[in-house]
Amino acid sequence: MTTIIQPGRRTLIGAKISPPTPPTGLLAREKFSDQLHETEPVGLLLVHAPSGYGKTTTMAERIAALQADAAWYRLDAQDNNVAQFAAYLAQALDRCRPGICQSTLDALASTGFDSIQNFLTELLAELPLDSAPLYLVLDDYHLISNQEIHQAVRFLLRHLPPYVTLVLLTRTLPPIGTAQLRMQGRMLELNARDLAFSADEAQIYFEQRLRYEVSRESIERAVRRVEGWVSALQLLASSAPTSIDFNNFVEQLQEGSQHLFDYFDELLRSSLTPEQRTFLLRTSILDRFNAFMVMRVTDDSDGQALLSSLLNLGLFVIPLDSSGLWFRYHPLFATYLRHLLSCSTHEQVLHLHQRASDAWLELEQYEDAARHAVIAGDAGRITHILLDQGRAFFTQGQFTMLQRCLDALDRSIVANEPILTLLRAWVAQSQYKFDEVEAWLAAAEAKLEENLSADDLRTMHSEFSAVRAQVAMNYGDSSRALALANEALDHEARYLPTSKVAAASVMGEALFVQGHLKDALVRMQETEQMARAHGAHQNVLWALCQQSEISVAQGFLQKAYNIQDRAFQYVEDYQLYQLPILEFLHRIRSQIMWEWHLLDNAETCALKGIEILEAQGERWYVQSYISLAKVAQSRGRQSLSADYVQKIQKMLACGDYHLDWLANAHTTMLAYWEAVRDTESVQRWLTIAPAYTVETATNHFQQCNARNWARAYISLRQLEKAQPILEGLQTVAERFGLQTDLNRNHIALAQLHWQKEDREQAQYHLARALRLASTTGAVGSFLRMGKVLIVILKALINEQRIEGMELQRAERLIQLAKQQRDFSKSIRITLDEAIIQDIINRPDVPELIRTSPLTRREWQILSLIHAGLSNDQIAEQLKVAGTTVKTHIRSLYQKQNITKRSEAIELARDLLSKIQGE
C-alpha cells in the first residue's frame, strides 16, 4: 500500500536536522578521512555498529574537519511516518544549502505527493547535476522499520547525483540492498572493529581527559578488555580519579561493572521477547557459536531464526569472520549475560556446559570441550578428553587448560594413569611447584608398580626421569639433571612421545648453565629437530629461544635476533599465536631491543608478552614489567619507573622465582635506586639479596646476580668490596666465553675505577667494552652509567685511544647520554632557592611567573610533575597528604593559567631546561 503525503506545513524540530554538537575532549580521528574522500564514486557510506561506538561523533567530527557540507537528519521511531520522513529530509537539505530544493518544499506545503517515490523524483530533479561534495547523513537509521522508507532509500541511492554521498549511521544492516551494493563496489562500510579505539587513540584520549599519567601497559589492557568500545573507555575516564582507581576499574571489568550492567539493562529492557532473552542467556556460556552450537546448547530447532532476529536488533553480537557463520558476544556483554544466567538454578547452568562440551567434541574442538567439562565439574568427561587429547594439549603448550582439567580430577584418577600423572607433573613443574612434582610421580609409582609389567615400569620410570631432570635443572643441580636426562633418553617414550625431546632439552640447558656454550648450542639444535619431527610446537619454540639465549651469552646479539625471527616465522607458519611460550620469545626480543636502544620496539614486545599471559595471572608478568621499567627509565619517565619497580618488588615478595628472573629484576631495581639516589633501598637489598659465588658464575644469571652485588657496593661507595667481585667475574667470563657478560663487567669496572679517580683504568675498561660492543651491539648497558659516560668517552676520543667502529659507537653514545634525563636532578633543583630565583630573573621566562610568583612548595611540586611523579608519589616524596598536593596544584594551575597536567609538564620542562641544559 502506497502512502499519500498530504499537503500542509509541519512543525519540525530544528535539532533533528542540525549536526551534533561535538563533545568535550573530542578525539580527531584522521584515519577515517580517506573513507570520506573516497566516497564520491561510491554513493553510500554505511557506518554500522552497536550503541556507544561513536558513529555519530566520528562522522560529525570528520565531516567538519574536512570542511564539507552535511545535511544531517537524526531519526527516531516517529520518522517511520512517510510524510514526516519526507519533510525532514527536504528541510535537512535546505538547511545545509538554502534554496537547493525550494520547489519540493513548496509542493510539500501546497499540494503534497501521491507517494514517497514521487516526492523523491521531484527532489532529485531539483538538485543540480554538479556541485561541491555534499554528505546526506541519516543518523540512527536502525529505528526505521517502514518498508516504504527502505524502498525510498534504495531509489534515492540509484539516482543521487555523483557529488552527494548518502551516509547511514545504524546499529544494524539496513534492508536496502547492501549485499548488491557491496558486490557492485558502490558502498564503503565501517563497522565496530573499525570504529573501536586503538591503543594509540585511547592513549591520546586519556592524556586529554585524565589529570594523572597512565602507563601504556594499563591503556592496552583497558583497550583489550573493552575491545576499543568507546563508551566503556569514556566511562573508565570519568570513573577513575587516580591511576590506582583506573587499574582497579580495568581489573574489575572481567567480573562486570554495575554501570555497564545498568547500560545493558536499559538497552534490552524493551527490545527483547522472552524467547530472545532465553536464547541470549543460554548461549552466553559460549566463547563463540554458530547455528549448530546454538541448536545443541539451547535445545531449540529455531536457534538460527532467533540468532537472525538478534542480529537485526543491533546488539553486541560480533561476526568472527566474513562468512557470517560464526559469532561471539562482546566480552562485556557476555559478562553481563552470564551474570544474569548465574541467577538461574545451578543445575541448569551445569547442564548447559555439559551440552556445550559434547557439542564441541562433535566438532573436534577439544580445548573448548575440555573448558566446558571443567566448568561443569564433570570428571568423566574430563578424563575422557584428557586420555584422548591430553598429549596434544601438552605439545601445544596448553598448560593452563591442562591444569584446570587436572585440578578437577581426584588424585586417585590421576595416579591410575601414567599419562595423567606425567601431564600433572609437567604442569606442576611449569608452575614452579617443584615439591608437588615428586609427590605426583611417587604416588603413581607406588600405585602402579603392582599393575604394570617390568617393561612398562621401565618405560614409565624413564619418562618420569625426564620430568625429574627438568626439576633438578630448576633447582640448579645441573649434574643431577644431566644424569636423569640420560636415563630418560635410554628408553623409547610410550606414554608421552615428547619425553625424550624434553630430556634432550634439559641436557642442552644443563650444558648452557655449566658454561659449555658450543655444546649446549649443538644440543639445542638437535632438540629443535627432534621436536619438529614430533610436531611438538612448544618444544620447537623453547629450543629456538634457548639457542637465542646461548647466542646472546656468546655476544652474538644479531645472531640471536635472527634465531628469534626463525621462531616468529614458525609461529606464523603454524598459526600458534595463543601459545603462552610466545611470551618468552617476545621477552628475549625485548631484551635485545633495549640493549640496542630501540625503546619503542622493546616496549611493544614487553606489552605483547603481557597480552599473551593475561589469562595466566600477574605473577608471570615479572619479566615484562622488568622490560617496561627499563624502557621507562631510559626515557626519563620516573613516575612509570617507580610504578613498575614497585610492582616488581610486590611480585618478588609474593612468589618464588628462578635466579635468572630474580637477577634480572634486581638489576633493574638497583638501576632505578641508583638513578634516584635511594641508597637506603640499596642497603636494604643487600640484606636479602641472593647469595653469590664468583667461581661458579658460569652462566649469564649467576654473572648477573654477582654483578648486582658489585653494583650495589658501587652505589654505596664501597668500592673495595665491588672490585674483587667484578674482577673475579671477568676471569670466569673469559674462561667460558661469556662475551655479553664480559661487556657488562667492563662497563661496571669503568664506573668503579672512575669513582676511585683512577682515570687510566676507567678508560681502559670502557675502551674494552666498546671493542666487545662491535659484536654485542650494546647500547643500553652503557647508558646505565649516566652522565659520567660522556666524560670518559670524550676523554677516550680526545686522547685518540679509540678509532673506527669504536669511535663511531662512542660518538653515538655521547649523543644518547646527553638526551637522558637525570631523575634526581629535578628533585635537587626544587630545594635550591638560589636556582629558583635565577630562573625568575631570566628575561626569557613567561611574564606570569613574575606577576603570579609560585611559592617554594609550588616550585617543588612543579619540578616533581616535570620528573613524572603522580600526585600520590609527590605526596610521598614531600611527606604531605594527597589533598595538600591537590590544593597546591590547583593554586599553581590558577596562577599560570594552566588547565591540565601536560601543560604543567611543558612549562616545567621549559623553565628547568634553562638550568639543566637539556
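We now turn to the structure provided with this report. (Residues numbered from 1 in each chain as written. Predicted model: local features only at pLDDT ≥ 70, side-chain atom pairs only at ≥ 80, totals over all residues. Heavy atoms only, no water.)

**Overview of the overall build of the protein chain**
Okay, step 1: Looking only at helices and strands, the protein chain features 50 helices and seven strands.
Okay, step 2: Its C-alpha atoms give the protein chain principal-axis dimensions of about 105 × 90 × 50 Å.
Okay, step 3: Counting over 918 residues, the protein chain shows a buried share of 56%.
Okay, step 4: Excluding contacts between residues fewer than 6 apart, the proportion of contacts in the protein chain whose partners are at least 24 apart in sequence is 71%.
Okay, step 5: Summing over all exposed atoms, the protein chain offers an accessible surface of approximately 39,200 Å²; the carbon and sulfur share of this is 49%.
Okay, step 6: Taken as two groups, the 91 positive and 108 negative side-chain charges of the protein chain have centres that lie 4 Å from each other. (Helix = DSSP H or I, 4+ residues; strand = E, 2+ residues; numbered from the N terminus. Buried < 20%, exposed > 50% of the residue type's maximum accessible area, 1.4 Å probe, protein only. Contact = heavy atoms within 4.5 Å. Areas by Shrake-Rupley, 256 points an atom, 1.4 Å probe, with all protein chains shown as cover. Lys, Arg positive; Asp, Glu negative; His and termini not counted. Charge placed at Lys NZ, Arg CZ, Asp CG, Glu CD.)

**Points about the sheet that holds strand 3 (residues 134–139)**
Okay, step 1: Pairing in this open sheet of five strands is parallel, and the strands run 2-3-4-1-5 from one edge to the other. Each of the sheet's edge strands pairs with one partner strand only, and the pair in question is strand 2 (69–74) and strand 5 (187–190). Neighbour-to-neighbour, the strand axes of the sheet open up by a mean angle of 15°, direction not taken into account.
Okay, step 2: The pairing of strand 3 with strand 4 (residues 164–170) spans six bridges and is classified as parallel. Pairing of L134 across the sheet is with V164, part of strand 4.
Okay, step 3: Along the sheet, helix 2 (residues 55–65) contacts strand 1 (44–48), strand 2, strand 3, strand 4 and strand 5; its crossing angle with strand 2, the most-contacted strand, is approximately 160°. (Pairing = 2+ DSSP bridges. Axes fitted to C-alpha atoms, helices over the stretch in contact; angles between N-to-C directions.)

**Points about the packing of helix 36 (residues 679–688) against helix 37 (residues 700–715)**
Okay, step 1: Two elements in contact, helix 36 and helix 37, have axes separated by 10 Å at closest approach and are oriented at 140°. By the criterion of interaxial angle, the relationship of helix 36 to helix 37 is oblique. Where helix 36 crosses over helix 37, the handedness of that crossing is left-handed. Taken together, the residues of helix 37 that come into contact with helix 36 (itself represented by T679, V682, W685 and L686) are N708, W709, A712, Y713 and S715.
Okay, step 2: Residues belonging to the contact of helix 36 with helix 37 are distributed by class as follows: six nonpolar, three polar and no charged. (Parallel < 35°, antiparallel > 145°, perpendicular 65-115°, else oblique. Left-handed = near helix turned anticlockwise from the far one by under 90°. Nonpolar A, V, L, I, M, F, W, Y, C, P; charged D, E, K, R; others polar.)

**Some words on the pattern of salt bridges**
Pairs may arise between side chains of opposite charge once their charged atoms sit close together.
Okay, step 1: All told, the structure shown has 48 salt bridges when counted by the stated rule.
Okay, step 2: The residue D455 makes a salt bridge to R494 at a minimum N-O spacing of 2.9 Å. Here D455, found in helix 25 (residues 454–474), pairs with R494, found in the loop between helix 26 (478–489) and helix 27 (499–513); they are 39 residues apart in sequence, far enough to count as distant.
Okay, step 3: Linking R532 and E528 is a salt bridge whose minimum nitrogen-to-oxygen distance equals 2.9 Å. Of the two residues, R532 and E528 are both situated in helix 28 (residues 517–534); the distance of four residues between them amounts to about one turn of the helix. (Salt bridge = Lys/Arg side-chain N within 4 Å of Asp/Glu carboxyl O.)

**Section: the state of the cysteines**
Okay, step 1: Across all of its chains, the model carries zero disulfides by this definition.
Okay, step 2: Free cysteine: C101, not disulfide-bonded; nearest cysteine sulfur from C96 at 10 Å. (Disulfide = S-S within 2.5 Å.)

**Notes on the packing of aromatic side chains**
Okay, step 1: In this structure the tally under the stated criterion is 34 aromatic pairs.
Okay, step 2: Ring centres 4.6 Å apart and planes at 40° place the aromatic pair Y570 and Y574 in the tilted group. Here Y570 pairs with Y574, and both are found in helix 30 (residues 557–574), just four residues apart, close to one helical turn.
Okay, step 3: With relative accessibility at 4%, the residue Y570 sits in the buried group.
Okay, step 4: When the ring of Y692 is compared with that of W709, the centres are 5.2 Å apart and the planes differ by 50°; the resulting orientation is tilted. On the criterion of sequence distance, the pair formed by Y692 in the loop between helix 36 and helix 37 and W709 in helix 37 is long-range, its members being 17 residues apart.
Okay, step 5: The rings of Y53, W229, F261, Y263, F264, F289, F316, Y329, F333 and Y336 are connected pair by pair, giving a single aromatic cluster. (Phe/Tyr/Trp six-rings, centres within 6.5 Å; stacked < 30°, edge-to-face > 60°.)

**Quick notes on the environment of T698**
Okay, step 1: Locating T698 in the fold gives a position in the loop between helix 36 and helix 37.
Okay, step 2: Placed 35 residues apart in sequence, T698 and A733 show a C-alpha to C-alpha distance of 7.0 Å.
Okay, step 3: Setting aside residues no more than four positions away along its own chain, T698 makes contact with F512, V513, Q514, G515, V732, F736 and L738.
Okay, step 4: At a separation of 2.7 Å, a polar atom in the side chain of T698 contacts the main-chain carbonyl oxygen of V513. (Polar contact = N/O pair within 3.5 Å; in protein donor to acceptor, adjacent residues only side chain to side chain.)

**Concerning the side chain of D79**
Okay, step 1: Its place among the elements puts D79 in the loop between strand 2 and helix 3 (82–96).
Okay, step 2: Of note is the side chain of D79, whose polar atom sits 2.7 Å from the backbone nitrogen of D76.
Okay, step 3: If sequence neighbours within four positions are ignored, D79 has contacts with K16, Y73, R74, Q84, F85, Y88, I144 and I149.

**Quick look at helix 28**
Okay, step 1: Compared with the 26 Å implied by 1.5 Å per residue over 18 residues, the 26 Å span of helix 28 between its first and last C-alpha is a close match.
Okay, step 2: Taken together, the buried positions of helix 28 are occupied by L517, A520, L521, M524, T527, E528 and A531. Looking straight down helix 28, one finds that the buried residues subtend no more than 120° of arc, so they occupy a single side. Away from its buried face by more than 90 degrees, helix 28 exposes K518 and A533. (Expected span 1.5 Å × (residues − 1). Arc of directions from axis to C-beta.)

**Points about the packing of helix 9 (residues 199–209) against helix 10 (residues 216–226)**
Okay, step 1: At their nearest, the axes of helix 9 and helix 10 sit 9 Å apart, and the two run at 115° to each other. Considering the relative orientation of helix 9 and helix 10, their crossing is right-handed. Contacts between helix 9 and helix 10 involve A199, D200, A202, Q203 and F206 on the former and, on the latter, R216, I219, E220 and V223.

**A few points about the nonpolar core**
Okay, step 1: Ranked by internal contacts, the top residues of the largest apolar core, which has 199 residues, are F206 and F246.
Okay, step 2: When residues in this core are grouped by element, the largest group, nine residues, is from helix 25.
Okay, step 3: Residue contacts for F206: discarding those within four places in its chain leaves I219, L233, L236, A237 and F246.
Okay, step 4: Counting residues in hydrophobic clusters, the runner-up holds 48 residues, among them F119, L124, F155 and L166. (Core = buried A, V, L, I, M, F, W, Y, C linked by side-chain atoms within 4.5 Å.)

**Considering helix 21 (residues 399–407)**
Okay, step 1: The element helix 21 is extensively covered by neighbouring structure, given that seven of its nine residues are classed as buried.
Okay, step 2: Within helix 21, burial applies to F399, T400, M401, L402, Q403, C405 and L406.
Okay, step 3: Considering only its buried residues, helix 21 is in contact with helix 19 (366–376), helix 20 (379–395), helix 22 (411–415), helix 23 (418–430) and helix 29 (537–553).

**Concerning the environment of A748**
Okay, step 1: In this structure, A748 sits in helix 39 (residues 739–755).
Okay, step 2: Expressed as a C-alpha distance, the spacing of A748 and S243, which sit 505 residues apart in the sequence, is 36 Å.
Okay, step 3: Apart from residues no more than four positions distant in its own chain, A748 is found in contact with I714 and L726.

**Examining the environment of S902**
Okay, step 1: Structurally, S902 can be placed in helix 50 (residues 901–916).
Okay, step 2: Look at S902 and you get partly exposed, because its relative accessible area is 39%.
Okay, step 3: Sequence spacing of S902 and L210 is 692 residues, and the spatial spacing of their C-alpha atoms is 9.9 Å.

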